[in-house]
Amino acid sequence: MKIEFVASAGAAEILAVMVHEGRSLAGTGSALDAAASGALTRAMTNSRFTGAANSNLTVAAPAGVDANSVLLVGAGAADKFDDLAVETAAAAAYHASKLSGAEVLTIDAAHLSAEQAARVGFAVRLAAYRFVKYLTKQKADKIPSVTTVRIVTSDVAAAEAAFGPLSAVADAVLFSRDLVAEPANILYPAEFARRVKALEALGAKVEILGEAEMEKLGMNTLLAVGVGSERESQLAVIQWNGGKEGEAPIAFVGKGVCFDTGGISLKPADGMEEMKWDMGGAAAVAGLMHALAGRKAKVNVVGVLGLVENMPDGKAQRPGDVVVSMSGQTVEVLNTDAEGRLVLADALWYTQERFKPKFMIDLATLTGAMIISLGLEYAGVFSNDDDVANGILAAGPKVGENVWRMPIPAQYERHIDSPIADVKNTGNGRAGGSITAALFLQRFTNGTPWAHIDIAPTAWVKDSRNPTVPDGAVGWGVRLLDRMVADKYEA
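Residues numbered from 1 in each chain as written. Predicted model: local features only at pLDDT ≥ 70, side-chain atom pairs only at ≥ 80, totals over all residues. Heavy atoms only, no water.

Visitor: Help me understand the overall build of the protein in this model?
Guide: When you go through the protein residue by residue, the secondary structure sums to 14 helices and 20 strands. A globule of 491 residues ought to have a C-alpha radius of gyration of about 23 Å, and the protein, at 24 Å, matches this closely. For the protein, the spread of C-alpha atoms along the principal axes amounts to about 85 × 50 × 40 Å. The buried share of the protein, taken over its 491 residues, is 59%. On the protein, roughly 19300 Å² of surface is accessible, and the fraction owed to carbon and sulfur atoms is 51%. (Helix = DSSP H or I, 4+ residues; strand = E, 2+ residues; numbered from the N terminus. Rg over C-alpha atoms; globule rule 2.2 N^0.38 Å. Buried < 20%, exposed > 50% of the residue type's maximum accessible area, 1.4 Å probe, protein only. Areas by Shrake-Rupley, 256 points an atom, 1.4 Å probe, with all protein chains shown as cover.)

Here's what the structure looks like:
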């Protein structure tokens, strides 16, 4: 998708104009309506289009307007037209025109600030994402024709400057989506690590630890998850040093189970194909590091990804096994399908021990119980530190990634106490499953300020109502954490 910023629309194939609720034409809409002798107003009056968000109405070849068609795009209430509303309107304009046969879509943003005009381009980049690399046959009328979007702005230079960092974030979200969308026979731990290694081109430092290195470190809970797979487990360590030299970093840790059969505690066959996206947490952290390096963020950050495949081979760990973690704590494995917390246990301990970060945030598609608790549009946040949690909660509404803080009460600790080891990897039955999972992780933070984000509800979507988010891989968490870092932690 080519994004251009221009000072005037000129002759346009499709000219998109924003309309607020109450059929109030925004930007150059009134002037265009006058030039067309009121054709735009008549079209709205004779339809159900009112300017509601995520709606549109096409007016073909209005006389007096130098455009093949004018696309009226609902922008919602004028007094609530914030950055997310701009994104919704821009993405809706793209979706309404993408199959039209036109190659160029022009969007009128001359009435917006340069920063909001840049956000129009950002939204279009997110909206235009398609994962089609394995489709060898596509019907011509299903392939988007729009390849260029021109954005009319009153300050081209300022819009282009504002678009730079936003485009870097868009690159990162698309990178994360690609990781999550890939099938597991293509994206296994070593291939995931190889793609992460490419972040060195942006200036990040990337180390990949294999099983031999992790074994020397005593990362036995992580290794136990992957022992039944023919694919070697990996630990990817990504560093971006854009802040003050020697300043302690902030740290993000991602669960990267590239495919999860459940191991010996085998999952039901129905829906198991979806477990290719059980590495959504690692994809989010990788995407975040891509964003920070891409926009040259002024902060020191480390990302650690535990990359494994959970398979039921004859060598696989069994329910009832006891494993010694890197921390020295022993873990009784009651259910091999509660594997993500085993990966994160060693990854969290490694991160705090090696990097001494200011805080750690882990992301994981950890529990189905989180979906039961919050549905499919909120991720759960668990934290031992109010400041870290509040940074996440403040960023969520700004980027449209919903989060809700959950409790981690000390009285629930008894549910993960084991009679033969220091801790067991599941609670007592299904009650409070997301909470006991978070409490398990907390035992491997060594008192470091920490938050856990359970993204099981949000990493993958089947019926997206957000025009910037496709069905399938969301890249959820990249924008959330990039915004949190930008607002709260950059120098």
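Visitor: Even after reading the chapter, I still don't get the pattern of salt bridges, so can you show me in this structure?
Guide: Inspection of every chain in the model, using the stated rule, returns 29 salt bridges. The salt bridge involving Asp278 is made with Lys255; its shortest N-O contact spans 2.9 Å. In this pair, Asp278 is assigned in the loop between strand 10 (250-260) and helix 9 (280-294) and Lys255 in strand 10, connecting sequence segments 23 residues apart. Of the residues examined, Lys255 reaches a relative accessible area of 2% and is grouped as buried. (Salt bridge = Lys/Arg side-chain N within 4 Å of Asp/Glu carboxyl O.)

Visitor: What is the right way to read the nonpolar core from this model?
Guide: One broad rule of soluble globular proteins: the nonpolar side chains tend to lie buried together. In terms of nonpolar packing, the biggest core is built from 104 residues, with Phe192, Phe252, Leu305, Ile361, Ile453 and Met484 touching the most fellow members. With 13 residues, the single largest contributor to this core is helix 5 (residues 156-181). Apart from the residues within four sequence positions on either side, Ile453 is in contact with Ile361, Asp362, Leu363, Ala364, Ala379, Gly380, Val381, Ile392, Trp476, Leu480 and Leu481. One finds Leu223, Val304, Ile435 and Phe444 within the second-largest nonpolar core, a separate group that totals 45 residues. (Core = buried A, V, L, I, M, F, W, Y, C linked by side-chain atoms within 4.5 Å. Contact = heavy atoms within 4.5 Å.)

Visitor: In this structure, what is going on with the sheet that holds strand 15 (residues 379-383)? I would like to understand it.
Guide: Sheets are built from strands that pair by backbone hydrogen bonding, the pairs being arranged parallel or antiparallel. Strand order in the open sheet formed by eight strands is 8-9-11-10-14-18-15-16, and the pairing between neighbours is mixed. Each having just a single partner strand, strand 8 (205-209) and strand 16 (403-405) make up the two edges of the open sheet. For this sheet, the mean angle separating the axes of adjacent strands, direction not counted, is 20 degrees. Across three bridges, strand 15 lies against strand 16 in parallel orientation. Bridging from a neighbouring strand, Ala379 pairs with Val403 of strand 16. Taken strand by strand, helix 13 (residues 433-442) contacts strand 14 (360-364), strand 15 and strand 18 (450-454), and its axis lies near 145 degrees from that of strand 18. (Pairing = 2+ DSSP bridges. Axes fitted to C-alpha atoms, helices over the stretch in contact; angles between N-to-C directions.)

Visitor: Please explain the packing of helix 5 against helix 14 (residues 478-488) as it appears in this structure.
Guide: Packed helix pairs are specified by the crossing angle of their axes together with the interaxial distance, meaning the distance between the axes. Two numbers describe how helix 5 lies on helix 14: the axes approach to 10 Å, and their chain directions differ by 145 degrees. The crossing of helix 5 and helix 14 is right-handed. Here Val169, Ala172, Val173 and Ser176 of helix 5 lie close against helix 14, whose contacting residues are Val478, Arg479 and Asp482. The residue makeup of the contact of helix 5 with helix 14, split by class, is four nonpolar, one polar and two charged. (Left-handed = near helix turned anticlockwise from the far one by under 90°. Nonpolar A, V, L, I, M, F, W, Y, C, P; charged D, E, K, R; others polar.)

Visitor: How should I be thinking about empty space enclosed by the protein in this particular structure?
Guide: In this approach a probe as big as a water molecule rolls over the atoms, and the regions it shows empty are the leftover space. Summed over the entire model, instances satisfying the criterion amount to one cavity of 30 Å³ or more. Estimated volume of the largest cavity: approximately 40 Å³. In terms of lining, the largest cavity is formed by Ser176, Val180, Gly280, Ala283, Ala284, Ile455, Ala459, Gly475 and Trp476. Among the secondary structure elements, those contributing two or more residues to the lining of the largest cavity are helix 5 and helix 9. Among the elements that line the lining of the largest cavity, the one with the most residues is helix 9, at three residues. Partitioning the lining of the largest cavity into residue classes produces six nonpolar, three polar and no charged. (1 Å grid on protein atoms, 1.4 Å probe; cavity = no way out; pocket = protein on both sides within 12 Å on 5 of 7 lines; lining within 4 Å. Points joined across faces, edges and corners; volume = space filled by probe spheres on them.)

Visitor: Teacher, can you tell me more about the layout of surface pockets here?
Guide: Quantified by volume, the second largest pocket comes out at close to 290 Å³. What lines the second largest pocket is a set of 13 residues, among which Arg119, Leu166, Val169, Asp482 and Arg483 lie closest to the centre. By residue class, the composition of the lining of the second largest pocket is seven nonpolar, no polar and six charged.

Visitor: Sorry if this is basic, but what is going on with the packing of aromatic side chains here?
Guide: The way to describe two aromatic rings as a pair is by their centre distance and the angle between their planes. This model, assessed by the stated rule, comprises eight aromatic pairs. Ring geometry for Tyr350 versus Phe355: centroids 6.5 Å apart, planes at 80 degrees, classification edge-to-face. Take Tyr350 and Phe355: they sit in the same class, and that class is buried. The ring of Tyr188 carries Arg231 above its face, with NZ or CZ at 3.8 Å from the centroid. (Phe/Tyr/Trp six-rings, centres within 6.5 Å; stacked < 30°, edge-to-face > 60°. Lys NZ or Arg CZ within 6 Å of the ring centre and 35° of its normal.)

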